[in-house]
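Listed below are the residues making up each chain.
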Amino acid sequence: MENNRGSFGSNLGFILAAVGSAVGLGNIWGFPYKMGLNGGFAFLLIYLVLAIFVGLAVMIGELAIGRKTGMSPVAAYRKLSKKFTWMGYMAVIVPFLILCFYFVLGGMVMRYALSYLTAIFGWDTWGVPVTEFFGTFICNGASVVIWTAIFIALNAFIVAAGVAGGIEKFCKIGMPALFVMLLAVIIYVAVQPGAMDGYKFMFGWNIEPLKTDFLGVLKAAAGQMFFSLSLGMGAMITYGSYLQKKESVQKNAVIIIVCDTLVAIMAGMIVMPACAAFLNGEYGGGPGLLFASMQQVFFNMGYVGNIIGFLFYGLVFIAAISSSMSLLEVITSFKVDQNIEAGKAPGRKKYAIIAAVIIFVFCLPVALDALGTGVENGAPIAYPAELFGIEVKGWNDCWLDFYDMLSEGIMMPLGAMVMAFMIGWIWKIDMVVEECELSGHKFWGKTFFDICYKIITPIGMAFVLYAQIMTFFG
Ligand code: PHE
């Protein structure tokens, strides 16, 4: 049965795939722009505290649940307790919702990377002045749909090829490449005049923003942490189910978190100094930072901007696809495990493709609403509030934010809260300890994690959830 499901070939393969899942648009797009909007250093500080006190415990819990049951989320939760099968279903619905926008963004990133590549050789494929490309591109529904479809096809191809044969193979090459590209861009940006101010914004001690809007910063950092670490849904349970019994769960959890945080900080070390050097210190570009502000940055660099732009969007592409494949894997393995349980053939290829096609349909509104700029500004379809006549609160009115609000905003903190509560009070931490010690590695920090599961995570998440619901519906 083990072979039927597939598994990672080596622990290094597992780590690279799990880091690949964690490192994504969340790190390179979300982290810098949220840091830019939430006071730089203050945001970084809260993020680190949350990663240590909440992220680590949840990561260990999810990997342990996955490996203990050897199943993807639905089957895993059902095995642990029938009453909580709904948690498993939520862990499959969330990746679905995330993919509805993640695939579109991935396709857009691919388009950017390729245009920078051709520009290096003097072939201009932007069609309009680079700095105006974003606005034109998002209103060109057909083009966004095509790039989304190409990106989805790549994902389906890799996931259909299996855990070791597809995902692990890609990440073994992709992740080291991503790291080298990150370093190259960081070094180039660092030697630009004026870059220093960007580092000061990130690392200079300034907790003033916490005094004025502590809750705002906390909420932004908490949402970011879950999304960035791929927690609160099925990804780490699923990858944990492919982890070999002899490997240390705790050590792997620490490595994944350290790598993910490191990449987020490194991305910040590109974007913040670049904004300082090339955009007069405008850090607050918001969601447009990756697609619009950075275009201006590369444009201001002159010809070299084509090379740096290609490296930058190339690495964003690798980061995005290694994350989206983990999301598609959650959905695919859900069906694979169901089939195996029913004594049928796994059908991995078939279900990877079926899932990809269904998600493509749900991606269409995101690809066609021009990220909320509205029909009057050239979007082919209306955004959700207009279509459904609902009132918009606390999220930007577009399909992307609509899907994001449901997944990252509500379901991920809810998932993490219930999971931590279950481990802390119902299944007890001994379940996690037992699984972690199976490999012969001693479980460290039992009291610390017990407090995390019992108190810090549930209460922290209840609080975040409450704040989210109030902003969205209050
Ligand atoms: N962690 C990924 C990112 O930062 C996104 C993701 C979320 C992937 C949840 C898998 C599960 O972009």
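For the structure itself, consult the block above.
Colleague: What am I meant to see in helix α5 (residues 73–80) here?
Modeller: The periodicity of an α-helix, 3.6 residues per turn, causes residues three or four positions apart to be oriented the same way. Within α5, six of the eight residues are buried, leaving the element largely enclosed by the surrounding structure. Of the residues making up α5, those classed as buried are Pro73, Val74, Ala75, Ala76, Tyr77 and Leu80. Lining the buried residues of α5 we find α4 (41–69), α6 (85–120), α12 (235–241), α15 (304–341), α18 (399–426) and α19 (429–437).

Colleague: I tried to follow the nonpolar core on my own but got confused; where do I start?
Modeller: Among soluble globular proteins, nonpolar side chains are generally buried collectively. Of all hydrophobic cores here, the largest spans 183 residues; its most connected members are Ile60, Ile65 and Phe312. The greatest single-element share of this core, amounting to 20 residues, is contributed by α6. When neighbours within four sequence positions are excluded, Ile60 is seen to be in contact with Val249, Gln250, Ala253, Val432, Cys436, Phe443, Phe449 and Tyr453.

Colleague: What am I meant to see in α18 here?
Modeller: Along its 28 residues, α18 runs 38 Å from first to last C-alpha, staying within 8% of the 40 Å computed at 1.5 Å per residue. Of all the bends in α18, the largest measures some 40 degrees and sits at Met411, one to four residues before the proline Pro413. With 23 of 28 residues buried, α18 lies mostly within the body of the structure. Just past α18, the residue Lys428 takes up positive phi, approximately 70 degrees.

Colleague: I'm lost on the side chain of Ser324 in this one. Help?
Modeller: Among the structural elements, Ser324 can be located in helix α15. For Ser324, the contacting residues outside a window of four places in its chain are Leu99, Tyr102, Phe103, Phe151 and Asn155.

Colleague: Would you mind showing me how to read unusual backbone geometry here?
Modeller: Peptide bonds are mostly trans, and most non-glycine residues show a negative phi. Within the chain, Asn280 stands out as a residue other than glycine whose phi angle is a positive 55 degrees. Tracing the sequence through the fold places Asn280 in the loop between α13 (249–278) and α14 (293–300). Backbone geometry places Lys428, a non-glycine residue, at a positive phi of 70 degrees. In this fold, Lys428 is placed in the loop between α18 and α19.

Colleague: Could you clarify how one ought to interpret the pattern of salt bridges in this entry?
Modeller: Any two side chains of opposite charge can pair if their charged atoms end up close together. Taken as a whole, this structure holds 13 salt bridges when the rule is applied. Of the charged contacts in the structure, one is a salt bridge between Arg78 and Glu341, with a shortest N-O distance of 3.6 Å. One end of the pair, Arg78, is in helix α5; the other, Glu341, is in helix α15, with 263 residues separating them in the sequence. Its relative accessible area of 26% is what places Arg78 among the partly exposed residues. Taking relative accessible area as the criterion, Glu341 reaches 48% and is therefore assigned partly exposed. Through salt bridges with shared partners, a single network forms among Arg67, Lys245 and Glu435.

Colleague: Before we go on, may I ask you to explain the site of the ligand in this structure?
Modeller: Around the ligand, the surrounding shell holds 15 residues, and the nearest of these are Ala22, Leu25, Gly26, Tyr102 and Phe227. Contact between the ligand and Leu25: an oxygen atom at 3.0 Å from a main-chain N or O atom of the residue. Within the backbone of Ser228, a nitrogen or oxygen atom sits 3.0 Å from a nitrogen atom of the ligand. Counting only elements with at least two residues in the shell around the ligand, the list comes to α2 (11–22), α3 (25–37), α11 (208–228) and α15. Each residue belonging to the shell around the ligand can be placed in one class, and the counts come to seven nonpolar, eight polar and no charged.

Colleague: In this structure, what is going on with the state of the cysteines? I would like to understand it.
Modeller: In a disulfide, the sulfur atoms of two cysteines are covalently bonded to one another. Counted by the stated rule, this structure contains zero disulfides. Free of any disulfide, Cys363 has its nearest cysteine sulfur in Cys100, 5.4 Å distant. Distance from the sulfur of Cys398, which forms no disulfide, to the nearest cysteine sulfur (Cys139) is 13 Å. Judged by relative accessible area, Cys398 falls into the buried class, the value being 5%.

Colleague: Can you help me understand the packing of aromatic side chains in this one?
Modeller: What characterises a pair of aromatic rings is the spacing of the ring centres plus the angle enclosed by the ring planes. What the rule picks out here adds up to 40 aromatic pairs. Centre to centre, the rings of Phe8 and Tyr239 are 5.4 Å apart; their planes meet at 85 degrees, and the pair counts as edge-to-face. Of this pair, Phe8 sits in the loop between α1 (2–5) and α2 while Tyr239 sits in helix α12, and the two are 231 residues apart along the sequence. Under the relative-accessibility criterion, Phe8 is labelled buried at 2%. Taking the centre distance of 5.9 Å and the plane angle of 75 degrees together, the rings of Tyr112 and Trp126 count as edge-to-face. Here Trp126 lies in the loop between α6 and α7 (133–139) and Tyr112 lies in helix α6, a separation of 14 residues in the sequence. Among the residues examined, Tyr112 registers a relative accessible area of 0% and is labelled buried. Following the ring pairs from residue to residue traces out a cluster consisting of Trp29, Tyr33, Tyr112, Tyr116, Trp126, Phe133, Phe134, Phe137, Phe291, Phe298, Phe312 and Tyr313. Sitting above the plane of the Phe137 ring, Arg111 keeps its charged end 5.8 Å from the centroid.

Colleague: Which parts of the structure should I look at to understand the packing of α5 against α6?
Modeller: When two helices pack together, their arrangement is given by the angle between the helix axes and the distance between those axes. Here α5 crosses α6 at 165 degrees, and the two axes come no closer than 7 Å. When the axis of α5 is compared with that of α6, the two are roughly antiparallel. By crossing handedness, the relation of α5 to α6 is classed as right-handed. Here α5 contributes Pro73, Val74, Tyr77 and Arg78 to the contact with α6, which in turn contributes Thr85, Met87, Gly88, Tyr89, Ala91 and Val92. Across the contact of α5 with α6, the residue classes break down as seven nonpolar, two polar and one charged.

Colleague: When you look at a nonpolar patch on the surface in this model, what are you seeing that I'm missing?
Modeller: Side chains of Val49, Ile52, Phe53, Phe421, Trp425, Ile426, Ile451, Ile455, Ile456 and Ile459 sit close together on the surface and give an oily, nonpolar patch of about 890 Å² of accessible area. For the nonpolar patch, the elements supplying multiple residues, two or more each, are α4, α18 and α20 (446–473). At four residues, the largest contribution of residues to the nonpolar patch is made by α20. Considering the arrangement of structural elements, one finds Ile456 in helix α20.

Colleague: What is the right way to look at the environment of Asp369 in this model?
Modeller: Note on placement: Asp369 falls in the loop between α16 (348–368) and α17 (384–388). Asp369 sits in the buried class, given a relative accessible area of 0%. Residues Asp369 and Tyr383 lie 14 residues apart in sequence; the distance between their C-alpha atoms is 5.9 Å. Asp369 has contacts with Gly374, Ala379, Ile381, Ala382, Tyr383, Pro384, Cys398 and Trp399, leaving out every residue within four places of it along the chain. Here the side chain of Asp369 touches Leu371 through a polar contact of 2.9 Å, landing on its backbone nitrogen.

About the cut-offs
Residues numbered from 1 in each chain as written. Predicted model: local features only at pLDDT ≥ 70, side-chain atom pairs only at ≥ 80, totals over all residues. Heavy atoms only, no water. Buried < 20%, exposed > 50% of the residue type's maximum accessible area, 1.4 Å probe, protein only. Helix = DSSP H or I, 4+ residues; strand = E, 2+ residues; numbered from the N terminus. Contact = heavy atoms within 4.5 Å. Core = buried A, V, L, I, M, F, W, Y, C linked by side-chain atoms within 4.5 Å. Expected span 1.5 Å × (residues − 1). Bend = angle between axes of the 7 residues up to and from the residue. Salt bridge = Lys/Arg side-chain N within 4 Å of Asp/Glu carboxyl O. Near = heavy atom within 4 Å. Polar contact = N/O pair within 3.5 Å; in protein donor to acceptor, adjacent residues only side chain to side chain. Nonpolar A, V, L, I, M, F, W, Y, C, P; charged D, E, K, R; others polar. Disulfide = S-S within 2.5 Å. Phe/Tyr/Trp six-rings, centres within 6.5 Å; stacked < 30°, edge-to-face > 60°. Lys NZ or Arg CZ within 6 Å of the ring centre and 35° of its normal. Axes fitted to C-alpha atoms, helices over the stretch in contact; angles between N-to-C directions. Parallel < 35°, antiparallel > 145°, perpendicular 65-115°, else oblique. Left-handed = near helix turned anticlockwise from the far one by under 90°. Patch = residues over 30% accessible without salt bridge, like charges linked within 9 Å, V, L, I, M, F, W, Y side chains within 5 Å. Areas by Shrake-Rupley, 256 points an atom, 1.4 Å probe, with all protein chains shown as cover.

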